[in-house]
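Here is how the chains run, residue by residue.
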Amino acid sequence: MCVNDVACAGGEPLFFLDYIACGKNVPEKIAEIVSGVAEGCKQSGAALVGGETAEMPGFYPEDEYDLAGFAVGAVDKKDLITGEKLAAGDVLIGMASSGVHSNGFSLVRKVFEQELTAEGLNTYYEELGTTLGEALIAPTKIYVKALKSVKDAGITIKACSHITGGGFYENVPRMLKDGVRAVIHKDSYQIPPIFPLMQKKGEIDEKMMYNTFNMGIGMVVAVAEEDVRTTMAAMKAAGDIPYIIGSIEAGEKGVTLC
């Protein structure tokens, strides 16, 4: 999530530091957690330069831990992605997410409250093609290489939105300048099955789904219409799946899902 935010602003992640707080320091568990952090750093080209492990038995139960971290990146001022050059007719390209990513889990836990057991999480769901637990903990997709690939192809990304907590309704407007509106077509890409499953089971209103989850799109970029083909080719070359999901129109700043 940290390195995606850096890349979303046009930056290159340089390094990451982690902080792990736990009730009991079990070396094998800590090593497994740090190996996941290291894999994320590897995928984003950032260095894992250090961290802190705090054992606090009076604060955390023995089998619980808390994980936090931060990334530092760099970007030339001229390369900052600000949205200032957005214009009506620009095209919105969304990159597929790997699932729920790292947001909305308060609602996820509420929806699957009865399934939060070893048996429930290990239950195979035909529509998911995997167990519930595996679907929910799929690692957050890292888009650093894809965005760098677009930049290296000579394309100017006019605006960029990392779809995190708040979904489309809260994140997409952040990429816009006054006087333009994002129009996104919900049927323009394939929604991962975990989202319809949650919506049905939790009886969640569709607008709340799009206001909480990424709904299958982890990153949205805006480019000029003539740059669409090159942009999508660069994203595919980096291993991502891009979709044309909408466009920029003149109007009141905000997002329309249709």
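Residues numbered from 1 in each chain as written. Predicted model: local features only at pLDDT ≥ 70, side-chain atom pairs only at ≥ 80, totals over all residues. Heavy atoms only, no water.

K.L.:
How do you make sense of helix α2 (residues 27-44) when you look at a structure like this?
P.N.:
An α-helical turn contains 3.6 residues, so any two residues separated by three or four positions project in the same direction. Across its 18 residues, α2 extends 26 Å between first and last C-alpha, which sits within 8% of the 26 Å expected from 1.5 Å per residue. Buried within α2 we find Ile 30, Ile 33, Val 37, Gly 40, Cys 41 and Ser 44. Taken end-on, α2 shows its buried residues confined to a sector of 100°, consistent with a single buried face. Turned more than 90 degrees away from the buried face of α2, the exposed residues are Pro 27, Glu 28, Glu 32 and Lys 42. Against the buried residues of α2 lie α1 (2-8), β1 (12-22), β2 (47-55), β3 (65-74) and α6 (144-152). (Helix = DSSP H or I, 4+ residues; strand = E, 2+ residues; numbered from the N terminus. Expected span 1.5 Å × (residues − 1). Buried < 20%, exposed > 50% of the residue type's maximum accessible area, 1.4 Å probe, protein only. Arc of directions from axis to C-beta. Contact = heavy atoms within 4.5 Å.)

K.L.:
I keep staring at unusual backbone geometry and nothing clicks. Help me out?
P.N.:
Apart from glycine, the bulk of residues carry a negative phi angle, and the bulk of peptide bonds sit in the trans form. At His 101, a position not held by glycine, the phi torsion is positive, near 60°. With respect to the helices and strands, His 101 occurs in the loop between β4 (91-96) and α3 (105-111). The exposure class of His 101 is buried, given its relative accessible area of 5%. The residue Met 215 is not glycine, and still its phi comes out positive at about 55°. Residue position: Met 215 is located in the loop between α9 (206-210) and β9 (217-223).

K.L.:
What should I look at first to understand the environment of Ala 46 in this one?
P.N.:
Tracing the chain through its elements places Ala 46 in the loop between α2 and β2. Sequence-wise, Ala 46 and Glu 203 are 157 residues apart; in three dimensions their C-alpha atoms are separated by 40 Å. With near-sequence residues (within four places) excluded, Ala 46 lies in contact with Pro 13, Leu 14, Phe 15 and Cys 41.

K.L.:
Would you mind showing me how to read the sheet that holds strand β7 (residues 159-162) here?
P.N.:
Strand-to-strand pairing in sheets goes through backbone hydrogen bonds, with the strands running parallel or antiparallel. Strand order in this open sheet of six strands is β7-β9-β4-β10-β8-β11, and the pairing throughout is mixed. At either end of the open sheet lies a strand with only one pairing partner, and these are β7 and β11 (254-257). Neighbouring strand axes in the sheet, compared pairwise and without regard to direction, differ in orientation by 25° on average. Sheet topology places β4 next to strand β10 (residues 242-250); five bridges connect them, and they run antiparallel. In the strand pairing of β10, Val 91 is matched with Ser 247. (Pairing = 2+ DSSP bridges. Axes fitted to C-alpha atoms, helices over the stretch in contact; angles between N-to-C directions.)

K.L.:
It is not clear to me how the pattern of salt bridges should be interpreted in this structure. Could you clarify?
P.N.:
Oppositely charged side chains may form a pair once their charged atoms are brought near each other. All chains considered together, the criterion is met by seven salt bridges. Lys 78 is paired through a salt bridge with Asp 79; the nearest N and O atoms lie 3.3 Å apart. Accessibility expressed as a relative area gives 68% for Lys 78, which makes it exposed. Measuring nitrogen to oxygen at the nearest pair gives 3.1 Å for the salt bridge that ties Asp 152 to Lys 148. Of this pair, Asp 152 and Lys 148 both sit in helix α6, four residues apart, which is roughly one turn of that helix. Under the relative-accessibility criterion, Asp 152 is labelled exposed at 55%. Salt bridges here are not isolated pairs; linked through shared partners, they connect Lys 78, Asp 79 and Lys 151. (Salt bridge = Lys/Arg side-chain N within 4 Å of Asp/Glu carboxyl O.)

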